[in-house]
Amino acid sequence: MKKWGIYAAIGAALYLFPWIFPNSYLIHLAQGFLYTYIVVVGLNLLVGLSGQLSLGHAGFFAIGAYGTALLNNAGVPFLFSLTLGTAICAAAGGIVAMLSLRAKGPYLAMVTIAFGMLIEIIANRWVEVTGGPAGLYLNSPSLLGLSLGIVEYYWLIALITLVITVLADNLFTSRVGRTFQAMGSSEVAAATAGVDVRNWKVLAFVVSASIAGIGGALFAFQNSYFNSDSFTWDKSILFLVGVIVGGAGTRLGPVIGTIVIFLLPQAFQSLYDYHLLIFGAILLVSLVLLPQGIVGSLGRVKGKRREALPLAKEADGAREALGTEVRWAAKRQATVLDIRQVVMEFDGYRAVDGVDLTLQGPEVRGLIGPNGSGKSTIVNVLSGVYVPTAGQMIWNTRNVTSFPPHKMAEAGITRTFQNLQLFSELTVLQNVLVGFHLHYTSGFFANLLHTPRFWREEERLREEAMHLLAFVGMAEKANEMAANLSYGEQRLVEIARAMAVKPQLLILDEPAAGASQYEVDKIVKVIRNLKEIGISIILVEHHMEIVMNVCDTITVLDFGKKIAEGDPAHIQKHPQVIEAYLGGEEVTKLVVGE
Ligand code: ADP
Ligand code: MG
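The rules we used
- Residues numbered from 1 in each chain as written.
- Chains lettered and ligands numbered in written order.
- Predicted model: local features only at pLDDT ≥ 70, side-chain atom pairs only at ≥ 80, totals over all residues.
- Heavy atoms only, no water.
- Pairing = 2+ DSSP bridges.
- Helix = DSSP H or I, 4+ residues; strand = E, 2+ residues; numbered from the N terminus.
- Axes fitted to C-alpha atoms, helices over the stretch in contact; angles between N-to-C directions.
- Near = heavy atom within 4 Å.
- Polar contact = N/O pair within 3.5 Å; in protein donor to acceptor, adjacent residues only side chain to side chain.
- Areas by Shrake-Rupley, 256 points an atom, 1.4 Å probe, with all protein chains shown as cover.
- Nonpolar A, V, L, I, M, F, W, Y, C, P; charged D, E, K, R; others polar.
- Parallel < 35°, antiparallel > 145°, perpendicular 65-115°, else oblique.
- Left-handed = near helix turned anticlockwise from the far one by under 90°.
- Contact = heavy atoms within 4.5 Å.
- Expected span 1.5 Å × (residues − 1).
- Phe/Tyr/Trp six-rings, centres within 6.5 Å; stacked < 30°, edge-to-face > 60°.
- Buried < 20%, exposed > 50% of the residue type's maximum accessible area, 1.4 Å probe, protein only.
- Lys NZ or Arg CZ within 6 Å of the ring centre and 35° of its normal.
- Salt bridge = Lys/Arg side-chain N within 4 Å of Asp/Glu carboxyl O.
- 1 Å grid on protein atoms, 1.4 Å probe; cavity = no way out; pocket = protein on both sides within 12 Å on 5 of 7 lines; lining within 4 Å.
- Points joined across faces, edges and corners; volume = space filled by probe spheres on them.
- Donors = N, O, S within 2.8 Å, 3.2 Å for Na, K, Ca; no water.
- Core = buried A, V, L, I, M, F, W, Y, C linked by side-chain atoms within 4.5 Å.

Things to note about the sheet that holds strand β11 (residues 505-509)
The strands making up a sheet are joined through hydrogen bonds of the backbone, oriented either antiparallel or parallel.
Argument step 1. In space, the six strands of this open sheet follow the order β10-β11-β12-β7-β13-β14, with mixed pairing throughout. Lying at the two open borders of the sheet, with one neighbouring strand each, are β10 (413-415) and β14 (561-566). Taking each pair of neighbouring strands and ignoring which way they run, the sheet shows an average axis angle of 20°.
Argument step 2. Across five bridges, the pairing between strand β13 (residues 553-558) and β14 is antiparallel. Bridge pairing in β14 places Ile554 opposite Gly566.

What follows is the structure, encoded as structure tokens:
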């Protein structure tokens, strides 16, 4: 395989380096490059994929260094102390993640800064243990009782670098990487696909911190001596510059980014006093000029960055998908949704004001009303995005009132979004694969190692995803980046992704908004097919011809209250409904629906 050829070439180059450059200064430099690269790879998984910022990775680097060094000094064999040091970092990563879980954006960054500073202070002040600025002396690293010289230690670092590169790449191209990326792209959409965002954020942190810890440990033994000066805050910034300049979320970014951050300090040695300023400037310039980083920008030019996958069986896909769907449907009991007196208040404003809604068995329920009448708010409550201020929601005899989105998905309720929420960094097919989240059974290590079991499942679900794409008429765009689709196409892909959850109740929030007439026709056809399959649908829609044509029953909202309910004919004649729509173009829409 091509991939293994590349790995073999990299491995050979790494192995040959000391033969080609038998110069201890260069080998030393190469060691430094490799452990820095390792940290950047780990940080890239966190920042680039899962969308969480860390300004404290020097803290994990330090924990890896001290943990491994102190254990080794206490007599634990080198490799074992490296493993334990990494485990300590994993735990620290978990703790930092949990502390920052409720924080977002700038606050998350602050938690990580605080962590980095705390570790820096401990390293500096807890002299009895860390040696502080005076430092810590270590034995030279040894394997199986053999002490490693500079070249042997270089080879060990190179081997670990290669292994981490392969494993990180495996994560990138597995469902774990996709889930990280989905979460980084749209948390709410990932959650409605069944992703427990909290746990997955912690996982991303744990993985990233562990890798940074390995980098730190390898650093610690490089000179058999280090001190607390190596873990200052600017090191965290340096790692981040590496991720962002190289191209956050790209697979090659860390290589390029590490080259940049490695060469920079050498180039600016005489300007050391200004190094933070220089890093900051580079960060800013690269964010403005190359927001995708060097690799991302090159990739964009070449139109690359997608996994080409076979598009077989498109023609039969729709029918087969239907077959699959019917099989899901057959397992279902009659859908029963019972919403009682649901209220949703925002700062005292009642966006939804005591609404009752019941569904009995598969039907298409229209939910209409003027702008701002509370339709999307009901969708948000029903999909678990908001917990209602008051009222109760019973779903198949379970009380789901305060379920978060991923629990709703598990219970069989999912949705699409009025303001599109596709994972723009993923392809169309990958978007649908994220939708299968709850149906994947392969675990973290199967994904990390790309085991046969992982591949079997991946191939099976890819095929199923292609069927779903065929079902919505988007199969030929499977390898397209989601961001490149038209509005209507994005809405169709959102439906396919929602179907991958295999829901019993699918809530569509304005699925035809912004779609062309051709796409609207497609969407109507899809909704009809979904109904035929036996999926219950709640359809929020402004296009009255769609609502009147596909809905069995229509519920009308005005100012957060239900003002009417009945079949389309009944609703069109309802005086209160006409009044609610009166005065705008809305009333013409209502009539046009006839
Ligand atoms: P619709 O989908 O029917 O157009 P929405 O449910 O989006 O209406 O909004 C209903 C009302 O609730 C609007 O007045 C809107 O401004 C308000 N609203 C919705 N979400 C929020 C929120 N998160 N915070 C404050 N007000 C909100
Ligand atoms: Mg809305």
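Observations concerning the site of ligand 1
Argument step 1. Every residue near ligand 1 is listed here: Phe346, Tyr349, Ala351, Pro370, Asn371, Gly372, Ser373, Gly374, Lys375, Ser376, Thr377 and Tyr386.
Argument step 2. Contact between ligand 1 and Lys375: an oxygen atom at 2.8 Å from a main-chain N or O atom of the residue.
Argument step 3. Ser376 is positioned with one of its backbone polar atoms (N or O) 2.8 Å from an oxygen atom of ligand 1.
Argument step 4. Within the complex, the protein chains bury 64% of what would otherwise be the 560 Å² of accessible surface of ligand 1.
Argument step 5. With three residues, helix α16 (residues 375-382) is the largest single contributor of residues to the shell around ligand 1.
Argument step 6. Class assignment for the residues of the shell around ligand 1 results in five nonpolar, six polar and one charged.

Observations regarding the packing of helix α1 (residues 2-20) against helix α2 (residues 24-49)
In helix packing, the relevant descriptors are the interaxial angle and the interaxial distance, both defined with respect to the helix axes.
Argument step 1. It is the contact of α1 with α2, at a shortest axis distance of 10 Å, that shows an interaxial angle of 155°. By the angle between their axes, α1 is roughly antiparallel relative to α2. Note that α1 runs across α2; the crossing there is left-handed. Together, Leu14, Phe17 and Pro18 of α1 and Leu26, Ile27, Ala30 and Leu34 of α2 make up the contact between the two elements.
Argument step 2. Tallied by class, the residues present in the contact of α1 with α2 amount to seven nonpolar, no polar and no charged.

Points about helix α13 (residues 275-289)
Argument step 1. The first and last C-alpha atoms of α13 sit 21 Å apart over 15 residues, in line with the 21 Å expected at 1.5 Å per residue.
Argument step 2. Where the residues of α13 are buried, they touch α11 (233-246) and α12 (253-267).

With respect to the packing of aromatic side chains
Argument step 1. Taken as a whole, this structure holds 25 aromatic pairs when the rule is applied.
Argument step 2. Ring geometry for Phe78 versus Phe221: centroids 4.8 Å apart, planes at 80°, classification edge-to-face. A residue pair is termed long-range when its members are at least 10 positions apart, and Phe78 in helix α4 (residues 78-99) and Phe221 in the loop between α10 (197-220) and β4 (225-226) qualify at 143 residues. Note on accessibility: Phe78 and Phe221 belong to one class, buried.
Argument step 3. What links up through ring pairs into an aromatic cluster is the set Tyr35, Phe61, Tyr66, Phe219, Phe226, Phe231 and Phe239.
Argument step 4. Above the face of the Phe219 ring, Lys235 is positioned so that its terminal group lies 5.6 Å from the ring centre.
Argument step 5. One Lys or Arg, Arg497, reaches over the ring of Phe423 and ends 4.5 Å from the middle of that ring.

As for the pattern of salt bridges
Argument step 1. Per the stated rule, a full pass over the model turns up 18 salt bridges.
Argument step 2. We note a salt bridge from Glu410 to Lys407, for which the minimum N-O separation is 3.8 Å. Within this pair, Glu410 and its partner Lys407 are both found in helix α17 (residues 405-411), separated by three residues, close to a single helical turn.
Argument step 3. Taking relative accessible area as the criterion, Glu410 reaches 47% and is therefore assigned partly exposed.

Quick word on empty space enclosed by the protein
Argument step 1. Evaluation of the coordinates by the stated rule reveals five cavities of 30 Å³ or more.
Argument step 2. Here the largest cavity defines a volume of roughly 50 Å³.
Argument step 3. Lining the largest cavity we find Ile339, Val342, Val352, Val355, Ile378, Val381, Leu382 and Met393.
Argument step 4. The biggest single contributor to the lining of the largest cavity is α16, with three residues.
Argument step 5. Partitioning the lining of the largest cavity into residue classes produces eight nonpolar, no polar and no charged.

Some words on the layout of surface pockets
Argument step 1. Roughly 920 Å³ of internal volume is contained in the second largest pocket.
Argument step 2. Forming the walls of the second largest pocket are 29 residues, and the residues nearest its centre are Lys235, Leu238, Phe262, Pro265 and Gln266.
Argument step 3. At the level of elements, α2, α11, α12 and α13 are the ones that each hand at least two residues to the lining of the second largest pocket.
Argument step 4. The dominant element in the lining of the second largest pocket, judged by the number of residues it contributes, is α2, at six residues.
Argument step 5. Classifying every residue of the lining of the second largest pocket gives 16 nonpolar, 10 polar and three charged.

Points about the coordination of the magnesium ion (ligand 2)
In ideal tetrahedral geometry, four donors around a metal make angles of 109.5 degrees, whereas ideal octahedral geometry with six donors gives angles of 90 or 180 degrees.
Argument step 1. Within the first shell, the magnesium ion (ligand 2) binds the protein through Ser376 (OG) and Gln418 (OE1), at distances of 2.1 to 2.2 Å. Taken together, the positions of Ser376 in helix α16 and Gln418 in the loop between β10 and α18 (428-435) put the pair 42 residues apart, joining distant regions of the chain.
Argument step 2. Classification of Gln418 by relative accessible area gives partly exposed; the value is 33%.

A look at the nonpolar core
Argument step 1. Core analysis: the biggest nonpolar cluster contains 93 residues, and Phe60, Tyr153, Ile160, Leu218, Phe226 and Phe231 have the highest contact counts within it.
Argument step 2. For this core, the element with the most residues is α2, which contributes 15 residues.
Argument step 3. Residue contacts for Phe226: discarding those within four places in its chain leaves Ala65, Tyr66, Ala69, Gly135, Leu136, Leu138, Phe219, Ala220 and Phe231.
Argument step 4. Judged by nonpolar contacts, the second largest core, of 56 residues, contains Leu433, Tyr440, Val493 and Ile571.

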